[in-house]
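Spelled out from the first residue to the last, the chains are:
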Amino acid sequence: MSFKMQRVHLFHAEVEDKPGGTAAKLKKLAEAGAHLEYVYSQRSLNKPGVGDLYVAPLTGTGELAAAKAVGLHEVSEPIVMRVEGDDKAGLGGRVTQAWEMAGINLQGLVMSVISGKFVGYATFDSVADANKAATILAELGTA
């Protein structure tokens, strides 16, 4: 079983917490040709009426200009890693248990399976934890 894990370079913007708040920003990125693999939004815990939008990847001058125009900027946190590989029953449990045994605390985890393959996004507290998680995943893939 093989796995692939790589860092996601996120772009963030605050959005109005109302219908269309996220859509307006995504529309501009689409018009610039962005092919997003990661879109995450949630209401702000600290600012009523505001939400947070995270997207990736953004490349090329047109996409980056559109991102800037709608208030998106690259951020170093949160630390999100994209994980993918062949699916197998119980895999999510084995991976997260191995990370737990290594003392890695997850801020968040989303995993999906399509046609025998899984893809997930894990959010870590630190780059060190993300690197440790990648090493553990590589060891699981060769076991």
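Remember, it's a predicted structure, so these values are computed and weren't measured experimentally. (Residues numbered from 1 in each chain as written. Predicted model: local features only at pLDDT ≥ 70, side-chain atom pairs only at ≥ 80, totals over all residues. Heavy atoms only, no water.)

**Some words on unusual backbone geometry**
Comment: phi is negative for the bulk of residues other than glycine, and the bulk of peptide bonds are trans.
Inference 1: Backbone torsion omega between Ala56 and Pro57 reads -15°, so that peptide bond is classified as cis.
Inference 2: Note on placement: Pro57 falls in the loop between β4 (50–56) and α2 (60–69).
Inference 3: Here Glu77 and Pro78 are connected by a cis peptide whose omega angle stands at 5°.
Inference 4: Here Pro78 lies in the loop between β5 (73–74) and β6 (79–86).
Inference 5: Not every positive phi belongs to a glycine, and Ser115 is a case in point at roughly 50°.
Inference 6: With respect to the helices and strands, Ser115 occurs in the loop between β7 (106–114) and β8 (117–124).
Inference 7: When its relative accessible area of 75% is taken as the criterion, Ser115 is described as exposed. (Helix = DSSP H or I, 4+ residues; strand = E, 2+ residues; numbered from the N terminus. Buried < 20%, exposed > 50% of the residue type's maximum accessible area, 1.4 Å probe, protein only.)

**Things to note about the sheet that holds strand β2 (residues 11–16)**
Strand-to-strand pairing in sheets goes through backbone hydrogen bonds, with the strands running parallel or antiparallel.
Inference 1: The strand order across the open sheet formed by four strands is β3-β4-β2-β5, and the pairing between neighbours is antiparallel. Both edges of this open sheet fall to β3 (38–43) and β5, since each of them pairs with a single strand only.
Inference 2: Pairing analysis gives six bridges linking β2 to β4, with the strands arranged antiparallel. Residue pairing across strands places Ala13 opposite Leu53, the latter belonging to β4.
Inference 3: Contacting β2, β3 and β4, helix α1 (residues 21–31) runs over the sheet at an angle of about 135° to β2. (Pairing = 2+ DSSP bridges. Contact = heavy atoms within 4.5 Å. Axes fitted to C-alpha atoms, helices over the stretch in contact; angles between N-to-C directions.)

**Description of the sheet that holds strand β1 (residues 3–8)**
Inference 1: Read from one edge of the open sheet, four strands run β1-β6-β8-β7, paired in antiparallel fashion. The open sheet has two edge strands with one neighbour each: β1 and β7. Recorded for the sheet is a direction-independent mean angle of 15° between the axes of neighbouring strands.
Inference 2: Relative to β8, β7 runs antiparallel, the two sharing eight bridges. What sits directly across from Val113, in β8, is Phe118.
Inference 3: The sheet strands contacting helix α3 (residues 91–101) are β1, β6, β7 and β8, and the helix crosses β7 at an angle near 160°.

**Focus on the nonpolar core**
Inference 1: Counting residues in hydrophobic clusters, the biggest one holds 16 residues, and the most contacted among them are Met5, Trp99, Ile104, Phe124, Ala133 and Leu137.
Inference 2: Contributing elements (two or more residues each) for this core: β1, β6, α3, β8 and α4 (127–142).
Inference 3: The greatest single-element share of this core, amounting to four residues, is contributed by α4.
Inference 4: When neighbours within four sequence positions are excluded, Met5 is seen to be in contact with Met81, Arg82, Val83, Trp99, Phe124, Ala130, Ala133, Ala134 and Leu137.
Inference 5: Membership of the second largest hydrophobic core comes to twelve residues, among which are Phe11, Ala13, Leu53 and Val70. (Core = buried A, V, L, I, M, F, W, Y, C linked by side-chain atoms within 4.5 Å.)

**Thoughts on the domain arrangement of the chain**
Inference 1: As far as domains go, the chain holds domain 1 (9–75) and domain 2 (78–142).
Inference 2: If you average the C-alpha positions of domain 1 and of domain 2, the two centres end up 25 Å apart.
Inference 3: Listed by partner, the interface residues are four residues for domain 1 and four residues for domain 2.
Inference 4: Where domain 1 abuts domain 2, roughly 400 Å² becomes buried across the two surfaces, and 67% of that area is made up of carbon and sulfur atoms.
Inference 5: The largest share of the area that domain 1 buries against domain 2 comes from Leu10, Glu37 and Tyr38, three residues that together contribute 80% of it.
Inference 6: Applying the counting rule to domain 1 against domain 2 returns one salt bridge.
Inference 7: We note a salt bridge from Arg82 to Glu37, for which the minimum N-O separation is 3.8 Å.
Inference 8: Its residues assigned to classes, the side of domain 1 that touches domain 2 shows three nonpolar, no polar and one charged. (Domains from an automatic or database assignment. Buried area = accessible area lost by both parts, 1.4 Å probe. Salt bridge = Lys/Arg side-chain N within 4 Å of Asp/Glu carboxyl O. Nonpolar A, V, L, I, M, F, W, Y, C, P; charged D, E, K, R; others polar.)

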